[in-house]
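Residues per chain are reported as follows:
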Amino acid sequence: MNKATDIPARNTKVMNRFDLTSRLVAKLKNEEAVIGGIGNTNFDLWAAGHRPQNFYMLGSMGLAFPIALGVALAQPERRVFALEGDGSLLMQLGCLSTVATQAPKNLTMIVMDNGVYQITGAQPTPAAAVADIIAIAIGCGLSNSAWAADEEDFERLVDQSLSATEPTLIGVRIDDKPGVGATRRDPVQIRERFMLGLGVREAL
Amino acid sequence: MAAAEESTSPQTLQEKALQEKTLQERTWHGVVLQTLKRHDIRLVPYVPDRVLTTLIKNIHADPFFTTFPTAREEEAVGIISGAWMGGMRGAVLMQTSGFATLANVLASLAIPYQIPLIMFVSERGTLGEFNYGQSLVCRTMRPVLDSLAMEHHTATRLDEFEFIVDRSIRQAITTQAPVALILSPLLTGGKVFEK
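These numbers come from a predicted model, not from an experiment.

*Asks:* Can you break down the overall build of chain A residue by residue, with the values?
*Replies:* For chain A, the count of helices and strands is 8 helices and 8 strands. In terms of overall size, chain A behaves like a compact globule, its C-alpha atoms giving a radius of gyration of 16 Å where 204 residues would be expected to give roughly 17 Å. Looking at chain A residue by residue over its 204 residues, the buried ones come to 50%. Counting contacts in chain A only where the partners sit at least 6 residues apart, residues at least 24 apart contribute 75% of the total.

*Asks:* So what's going on with the overall build of chain B? Residues and values would help.
*Replies:* The helix and strand inventory of chain B stands at 10 helices and 6 strands. Counting contacts in chain B only where the partners sit at least 6 residues apart, residues at least 24 apart contribute 74% of the total.

*Asks:* Can you explain the sheet that holds strand β1 (residues 41-46) of chain B? Please cite residues and give values.
*Replies:* Residues and elements named next belong to chain B. Pairing in this open sheet of 6 strands is parallel, and the strands run β2-β1-β3-β4-β6-β5 from one edge to the other. Pairing within the sheet leaves two strands with one partner each, and these edge strands are β2 (66-69) and β5 (151-155). If you compare each strand with its neighbour and ignore which way they point, the axes differ by 20 degrees on average. Alignment of β1 against strand β3 (residues 89-95), held across 3 bridges, turns out to be parallel. Counterpart to Ile41 in the pairing with β3 is Arg89.

*Asks:* Outline the nonpolar core, listing residues and values.
*Replies:* Core analysis: the largest hydrophobic core is formed by 108 residues, its most contacted members being Ile35(A), Ala68(A), Val71(A), Ala82(A) and Leu181(B). The dominant element in this core, judged by the number of residues it contributes, is helix α3 (residues 64-74) of chain A, at 9 residues. Look past the residues within four positions of Ile35(A) in its chain and what remains in contact with it is Phe55(A), Met57(A), Ala64(A), Ile67(A), Ala68(A), Val71(A), Ala82(A) and Leu83(A).

*Asks:* How would you sum up the environment of Val192(B)? Please name residues and give values.
*Replies:* Relative to the elements of secondary structure, Val192(B) occurs in the segment after α10 (185-188). Separated by 68 residues in sequence, Val192(B) and Arg124(B) place their C-alpha atoms 9.7 Å apart.

*Asks:* Give a detailed account of helix α1 (residues 17-27) of chain A, specifying residues and quantitative values.
*Replies:* Residue and element names in this part refer to chain A. Among the residues of α1, those classed as buried are Arg17, Phe18, Leu20, Thr21 and Leu24. Summarising the axial view, the buried residues of α1 lie within an arc of 160 degrees, below the 170-degree limit, and thus occupy one face. Lining the buried residues of α1 we find α2 (40-47), β3 (80-85), β4 (107-113), α7 (151-161) and β8 (168-173).

*Asks:* Tell me about the packing of α3(A) against helix α5 (residues 73-85) of chain B, and name the residues and values.
*Replies:* Taken N-terminus to C-terminus, the directions of α3(A) and α5(B) make an angle of 40 degrees; their axes are 6 Å apart at the nearest point. Relative to α5(B), the element α3(A) lies oblique. When the axes of α3(A) and α5(B) are compared, the crossing they make is right-handed. Residues Pro66(A), Ile67(A), Ala68(A), Leu69(A), Gly70(A), Val71(A), Leu73(A) and Ala74(A) of α3(A) touch α5(B), and the partners they reach there are Glu75(B), Gly78(B), Ile79(B), Ile80(B), Ser81(B), Gly82(B), Ala83(B) and Met85(B).

*Asks:* Give a description of the interface of chain A and chain B that names residues and reports values.
*Replies:* Many descriptions give the size of an interface as the accessible area lost when the pieces come together. Taken together, the 28 residues of chain A in the interface contact 25 residues of chain B. Listed by contribution, the elements that provide at least two residues to the side of chain A that touches chain B are α3, α5 (94-102) and α8 (187-197) of chain A. The leading source of residues in the side of chain A that touches chain B is α3(A), at 8 residues. In terms of residue class, the side of chain A that touches chain B is made up of 17 nonpolar, 10 polar and 1 charged.

*Asks:* Please provide a residue-by-residue account of the sheet that holds β8(A), values included.
*Replies:* All names here are of chain A. Taken in spatial order, the 6 strands make up an open sheet running β2-β1-β3-β4-β8-β7, and their pairing is parallel. Either end of the sheet is taken by a strand with one partner, and the two such strands are β2 (54-56) and β7 (145-147). Each neighbouring strand pair of the sheet contributes to a mean axis angle of 15 degrees, computed without reference to strand direction. Sheet topology places β7 next to β8; 3 bridges connect them, and they run parallel. In the strand pairing of β8, Trp147 is matched with Gly171.

*Asks:* Describe the confidence of the model for chain A, with residues and values.
*Replies:* Here chain A averages 95 in pLDDT, while 95% of its residues score no lower than 70. Note on residues 1-9 of chain A: pLDDT is under 50 here. Beyond four places in sequence and across chains, it has 16 contacts.

*Asks:* Could you give an account of unusual backbone geometry, with specific residues and numbers?
*Replies:* Although it is not a glycine, Ala103(A) adopts a positive phi angle of roughly 50 degrees. According to the C-beta neighbour criterion, Ala103(A) is partly exposed, with 13 such atoms within 10 Å.

*Asks:* Provide a residue-level description of the confidence of the model for chain B, including the pertinent values.
*Replies:* All names here are of chain B. Summary statistics for chain B give a mean pLDDT of 92 and a share of 89% for residues scoring 70 or more. A low-confidence stretch, residues 1-7 stays under pLDDT 50, and its non-local contacts, those more than four residues away or across chains, total 0 contacts. Both scores are given for the predicted complex: the pTM is 0.92, the ipTM 0.95.

*Asks:* So, α2(A): which residues are in play, and what are the values?
*Replies:* All names here are of chain A. When you tally the buried positions in α2, you get 7 out of 8 residues, the bulk of the element. Within α2, the full set of buried residues consists of Asn40, Thr41, Asn42, Phe43, Asp44, Leu45 and Trp46. The first or second residue beyond α2 is Gly49, which carries a positive phi of 120 degrees.

*Asks:* Go over the packing of helix α3 (residues 28-38) of chain B against helix α9 (residues 161-175) of chain B, please, and point to the residues and values.
*Replies:* Residue and element names in this part refer to chain B. For the pair α3 and α9, the least separation of the axes is 10 Å and the interaxial angle reads 30 degrees. In terms of axis orientation, α3 runs roughly parallel to α9. Crossing of α3 against α9: the hand is right-handed. Contact residues: Trp28, Val31, Val32 and Thr35 in α3; Phe161, Glu162, Val165, Asp166 and Ile169 in α9. Looking at side-chain class alone, the contact of α3 with α9 contains 6 nonpolar, 1 polar and 2 charged residues.

How each quantity is defined
Residues numbered from 1 in each chain as written. Chains lettered and ligands numbered in written order. Predicted model: local features only at pLDDT ≥ 70, side-chain atom pairs only at ≥ 80, totals over all residues. Helix = DSSP H or I, 4+ residues; strand = E, 2+ residues; numbered from the N terminus. Rg over C-alpha atoms; globule rule 2.2 N^0.38 Å. Buried ≥ 20, exposed ≤ 12 C-beta atoms within 10 Å, placed from the backbone. Contact = placed C-beta atoms within 7 Å. Pairing = 2+ DSSP bridges. Axes fitted to C-alpha atoms, helices over the stretch in contact; angles between N-to-C directions. Core = buried A, V, L, I, M, F, W, Y, C linked by C-beta atoms within 7 Å. Arc of directions from axis to C-beta. Parallel < 35°, antiparallel > 145°, perpendicular 65-115°, else oblique. Left-handed = near helix turned anticlockwise from the far one by under 90°. Nonpolar A, V, L, I, M, F, W, Y, C, P; charged D, E, K, R; others polar. pLDDT = per-residue confidence, 0-100.

Printed below as a string of structure tokens:
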């Protein structure tokens, strides 16, 4: 079913997106920005508890990391997390080398890799059986990239990224469960709340 | 008081400043650079184009700007959108064929989220185009902009260019809506077949 899990080279546990997202959100104490990618990554971010510093991307598949890069460049003192699916990242692999070149140390990218387009019917991605996202990221110049072996390792990598001197990319293998919540699809409010949360705007 | 005014005649100072400004802004790319600065637009990701070469070079040379190439135009749109929400203004430089890759991100990100995305599009495909594919893709640009009811202007003359750029940037920011500024070969000289 999940071809990505069959690759023996990856000695990593198959985890769950909502569980990992909840673990991440529970760690956030300093108004860190979190960018959720299209579909399940932002659904689970929403379900983990809405924060004014969360941005939920409702379209533009593949742009979670570029949006996060923009936030990270605009606010270098703020930690920025981005949650992206493996299928989404495949649409915009070029962004990895852009991030590596700009090298914002306040950016932590998390790739939720289940090897399938879960939301469209769990069809395997073209990369599922052959490609290794972390090897790709390292090849793009993101040397601080690693698979999380299990939940504790994921939390350790997240903590490590907070004091990293370069951008961090964390790969997590996940199951093929759908997202838990459903983001309210109101782009203007999402954007305005996010800007309030980042201290860019004052409420009307 | 009167004597003091005479010694530093504001009229003369104004004229001098105007002259300097005219010298700086006598090229289309000088107008773009100075107008971006005036509006505090610091972030300029781009996918390069031959016509944009001098502008890109000058923006790189100016420490005011953070500028870099992206692999795709929509990536640059994502970066600008994130930066805007984080309080930093930006603009994207691209070519006609690059604009043709943007329909999805305009319709799903820039417009519905009300991002003042400022785009400079170097126009290929017309007035001496030598590549048939470029002329075809050029014909898709304005219909896409019109179908999304997006503000766009085609700049053809240097004497009105600053007005167009300045007012369009103001409007994009105050109305929180994207704008495309199409740089016609009539303005830039375009790219011509020379072999």
